[in-house]
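# Descriptive structure summary
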Amino acid sequence: MHILREVAAEFARPAMLYSIGKDSSVMLRLAEKAFYPERIPFPILHVDTTFKFPEMIEFRDTYCSQFGLDLIVHTNTEAIESGANPFRLGTSQCCALLKTQALLNALSEHKIDAAIGGARRDEEKSRAKERVFSLRDSLGQWDPKSQRPELWNLYNSRIKATQSIRVFPLSNWTELDVWEYIERENIPVVQLYFAQEREMLIRGKLLIPFEHDMNLLPGEIPQKVMCRMRSLGCTYCTGAIRSTADTVPKIIEELRAFRRSERENRIIDHDQDGSMEMKKRGGYF
Amino acid sequence: MLRFITAGSVDDGKSTLIGRLLYEANGVYEDQFESLRQVAAQRRSSVDLSLLTDGLKAEREQAITIDVAYRYFCSTTRKFIIADTPGHEQYTRNMVTGASTADLAIILVDARKGVLEQTCRHAYIARLLGIRRIVLAVNKMDAVGFDESVFRRACQMFNDFAALIKDVEHYFVPISAREGDNVVHKSARMPWYEGPALLQLLEDLPLEEGRNLQDFRFPVQRVLRPNQDFRGYAGQISSGVIRLEEEVVALPSGRRTTVHQIRLHDKKLEEAFAPQSVLLTLTDHIDLGRGDMLANPESVPSMSNALIADVIWMSERPLRLNLRYLVKHTAQTLYCNVITIFHRVDIHTLEEIQCGTLALNEIGRVEIRTHKPLFFDAYVHNRVTGSFILIDPDTNDTVAAGMITSSKPHNATTLMAANHQNGEDRQPTIAVDVDGVLADYDGWKGIDVLGEPRADVVQVLRVLRTEGWKIVIHTTQSDEHITGYLIRHQIPYDEINKNSSYRNPGSKPVATVYWDDRAVCYSGDALRDLEAIRQFRTWSGRR
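Residues numbered from 1 in each chain as written. Chains lettered and ligands numbered in written order. Predicted model: local features only at pLDDT ≥ 70, side-chain atom pairs only at ≥ 80, totals over all residues.

## Quick notes on the overall build of chain B
What counts here: Runs of E in the DSSP output that reach at least two residues are strands. Runs of H or I that reach at least four are helices, and both are numbered from the N terminus. For every residue pair, C-beta atoms are placed from the backbone, and the pair is scored as a contact if these atoms sit within 7 Å.
Helix and strand counts for chain B stand at 12 helices and 27 strands. Contacts in chain B between residues at least 24 apart in sequence constitute 68% of all its contacts with a sequence separation of at least 6.

So this is what it looks like as structure tokens:
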């Protein structure tokens, strides 16, 4: 709440990035709390790749209208029209166009000088060194070697006209903290997080949801698997985990026993060594 | 929850220790460990736990830790946040960053080398940043045959040094991070050591948390006014406790009032304490804004525009006296000057040395002057209201971290006099036009008719105000009418149509910048300006 209030006070045009995932839901609740009884004083931005789960879009629209949020949806329509998709381009190129480029376009179109995101340091190695206020150049790029020192809870919000700041209020939260907060505050999240039988493709260790006209490999048949999503993204890049946890308390119990990391099933994090750091240097959230 | 830093040099096995703690306390997932096993297989070596923490590519390539990395794990009884900080002297600033939010420091030494100069440097920096508990972990005991005398010698050397640093509790643990001895489980190979394993020690230490529960301090971050009848002050309690109907003093005005409501979202609370973020409403209407403070009237903070502080310089560009910097302290950002450097501290010998500047990674004591008073406590009593950062307004970099030691008795008149000697020093002022800049304008509609305020302009004024700018409203409207308009729309301002900081004979308010929709900025070429004047259209006219 302290971080969100600092952002609202010190930037001319902040916006909150909304991915529809559990971390976004937690951030929205924190923003409601930080400014209540006023409305959240900045818009909510969703970068829609058009390859999301239909349940996610439905959840987004219901939630945002119920709470009267100022929602901006941005899609890189140019890339979509010229046929960008993960099957044809590969995940690395697809992410660059539909996520990174779309985000940069949206930030510049809406002249956003501070973009608040739900990334956490415990998610991935390179994120462990990201600041809460992370400076980006005019192309949205992150330079890990020239980060500003960040002391106490004093955040430096000064930027030049071409620069922007990415703000990560949940930096010090872990996946378990997020679920415990969801339980305590009774925060609604997308049904995909809860276990049920779903139509999946089993590829090696990965469970991939059968959506968006995916091409089947020779001899491959979708199978019903009891599973849930541990993190949400585009359907092709979101691997599921086998699980029977169909309530928040059961998820918390499952996590306490877990020995595997949350992003293990995210195809995009593993396309090459150090791949998240490289994406972030290029402007990825 | 316990937040701690780990300090030690590259070869002391710091990353390995953290890797070990994470791995054994289940902070490492199987798939992450599997990727380490694969690397080890490629290199035909044993699993290197330090790779878990050295996240950035450059670090893995050079096998060093160049930036602070934060790690999270929990044991059965406690949550932990580790700030993994680099040990080398050139990274002092990173260690300072990690230490600023930590309650405890683990300092590693290599058993083969014993306590080195850098060990003492790490202990000094930890204490300077307010850490009162230091654990000396004597690592690589396996390399010295688990010899008790090696361990005792290291403890003795550290004790001799630590006598120079006041108010620190220290603990000593002999470990082998690589092999796991005394990290999570007690080692059978060092039966002479009677204390707990490192993790056990971290779990059992009482949580002091450096929390000050006496002196209530509440820096106002934002005023929330959803409607005319409600005015709430949003902020995070820096220290102390506040209860309903308790008396508070508002700074800088000094007015006293009582707390009417304590709100957290839709809940109304009876009391709140540091470090909660809450919303307070007051019984009386007091003009309070961002950067102002509510405090316990029985123990008010110091209020001064001259303060003495220890600073750690963090920029490649050395400190320059009489150059303008920005100081960010609680929710205030003000212009300031560093006017004196008393000394710098040699971090090897702790000697105080006369000097004319501070370079990267140097620590020194300075006097700082601000344009408006700050409300603060000494850092040793309050880590929130006693700390600040300095920002270089040219580069926007954070150039220093500061810890206030005391204020300097100082009266406002001498400050004003000093300011008048040096025009550079004055508070920057912006004169803002109303019709066409602050308010929408599409032609004259009569006396006292004003358009809606432009939200982006109002927001920019708020931002400038937090940076210490004075705002003068510059308008052809009547003062009474414009005052009502400004208050109604919560537009920040200091004066209307005059700048009383200056006693200029004419009626034009003195300002650093005039923000107007009908201005032509002198280009250095009057003939070119003539064209601009002849073709002049306001922004709304061009639209």
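## Description of the environment of L307 of chain B
Locating L307 of chain B in the fold gives a position in strand β17 (residues 302-313). For the pair formed by L307 of chain B and S406 of chain B, sequence separation is 99 residues and the distance between their alpha carbons is 6.1 Å.

## Observations concerning the sheet that holds strand β2 (residues 69-74) of chain B
Residue and element names in this part refer to chain B. Condition: Note on pairing: two strands pair once DSSP finds at least 2 bridges between them. Axes here refer to lines fitted to C-alpha atoms; in helices the fit is confined to the stretch in contact. Angles between the N-to-C directions go from 0 to 180 degrees.
Pairing is mixed in the open sheet, where 6 strands are placed in the order β2-β3-β1-β4-β5-β6. Edge positions in the open sheet fall to β2 and β6 (169-174), since each of these has one partner strand only. The mean inter-strand angle of the sheet, taken between neighbouring strand axes irrespective of direction, is 25 degrees. Judged from the 4 bridges that link them, strand β1 (residues 2-7) and strand β4 (residues 104-110) form a sheet pairing that is parallel. Paired with A7 across the strands is I107, a residue of β4. In this fold helix α1 (residues 14-24) packs onto β1, β2, β3 (79-84), β4 and β5 (133-139), with an angle of close to 30 degrees to the strand it touches most, β2.

## Remarks on the nonpolar core
Formally: What makes a nonpolar core is a set of buried Ala, Val, Leu, Ile, Met, Phe, Trp, Tyr and Cys residues, with links drawn between C-beta atoms within 7 Å. Each residue is classed by its C-beta neighbour count within 10 Å, where at least 20 other C-beta atoms makes it buried, 12 or fewer makes it exposed, and intermediate counts make it partly exposed; the C-beta atoms are placed from backbone geometry.
Counting 180 residues, the largest nonpolar core has M16 of chain A together with A99, A105 and A137 of chain B as its most contacted members. Those residues in contact with M16 of chain A that sit more than four places away from it in its chain are M27, A31, F42, I44, L45 and I116 of chain A. Judged by nonpolar contacts, the second largest core, of 14 residues, contains A431, L438, A439 and V472 of chain B.

## Here's the deal with the interface of chain A and chain B
Cut-off, in case you're wondering: Three residue categories are used. Nonpolar comprises Ala, Val, Leu, Ile, Met, Phe, Trp, Tyr, Cys and Pro, charged comprises Asp, Glu, Lys and Arg, and polar comprises the others, including Gly.
Listed as interface residues are 42 residues of chain A and, on the opposing side, 49 residues of chain B. Secondary structure elements with two or more residues in the side of chain A that touches chain B: α1 (2-10) and α2 (22-35) of chain A. Top element by residues in the side of chain A that touches chain B is α1 of chain A. It accounts for 6 residues. Considering only residue class, the side of chain A that touches chain B consists of 15 nonpolar, 8 polar and 19 charged.

## Regarding the pairing of strand β9 (residues 232-236) of chain B
Residues and elements named next belong to chain B. Taken across its 5 residues, β9 has 5 buried, putting it largely inside the fold. Burial of β9 is two-sided: the residues G232, A234 and Q236 facing one way and the residues Y233 and G235 facing the other way are all buried. With 3 bridges joining them, strand β8 (residues 222-224) and β9 adopt antiparallel strand pairing. From the neighbouring strand, V223 faces β9, where its bridge partner is Y233. As defined by bridge partners, β9 adjoins strand β15 (residues 277-282) across 4 bridges and the pair is classed as antiparallel.

## A closer look at the domain arrangement of chain B
All names here are of chain B. Basically, it comes down to this: Segmentation into domains, and thus their bounds, comes from an automatic or database assignment.
Under the domain assignment used here, chain B contains domain 1 (2-204), domain 2 (217-295), domain 3 (302-424) and domain 4 (427-534). Computed from C-alpha coordinates alone, the two centres of domain 2 and domain 3 are separated by 28 Å. Counting residues at the interface gives 11 residues for domain 2 and 9 residues for domain 3. Class assignment for the residues of the side of domain 2 that touches domain 3 results in 5 nonpolar, 4 polar and 2 charged.

## A word on the packing of α2 of chain A against helix α7 (residues 175-185) of chain A
A pair of packed helices is characterised by two quantities: the angle between their axes and the separation of those axes. Residues and elements named next belong to chain A. Rule in force here: Our angle categories are set so that under 35 degrees counts as roughly parallel, over 145 as roughly antiparallel, 65 to 115 as roughly perpendicular, and the remainder as oblique. The crossing is said to be left-handed when, going from far helix to near helix, the turn is anticlockwise and less than a right angle, and right-handed when the turn is clockwise.
Taken N-terminus to C-terminus, the directions of α2 and α7 make an angle of 50 degrees; their axes are 10 Å apart at the nearest point. Relative to α7, α2 is oriented oblique. Crossing angle aside, the handedness with which α2 passes α7 is left-handed. Across the interface between the two elements, K22, D23, V26 and R29 from α2 touch V178, Y181, I182 and E185 from α7.

## Observations regarding the sheet that holds strand β27 (residues 513-515) of chain B
Residues and elements named next belong to chain B. With parallel pairing, 4 strands are arranged side by side in an open sheet as β26-β25-β24-β27. Looking along the sheet, the strands with just one partner apiece sit at the ends: β26 (495-496) and β27. Of the pairings in the sheet, the one linking strand β25 (residues 470-474) to β26 comprises 2 bridges and is parallel in character. Opposite I473, over in β26, you have I496 as the bridge partner.

## Considerations on the packing of helix α4 (residues 92-99) of chain B against helix α5 (residues 117-128) of chain B
All names here are of chain B. Their axes nearest at 9 Å, the elements α4 and α5 cross at an angle of 40 degrees. The pairing of α4 with α5 is recorded here as oblique in orientation. The chirality of how α4 crosses α5 is right-handed. For the pair formed by α4 and α5, the contact residues are T92, M95, V96 and A99 on the first element and H122, I125 and A126 on the second.

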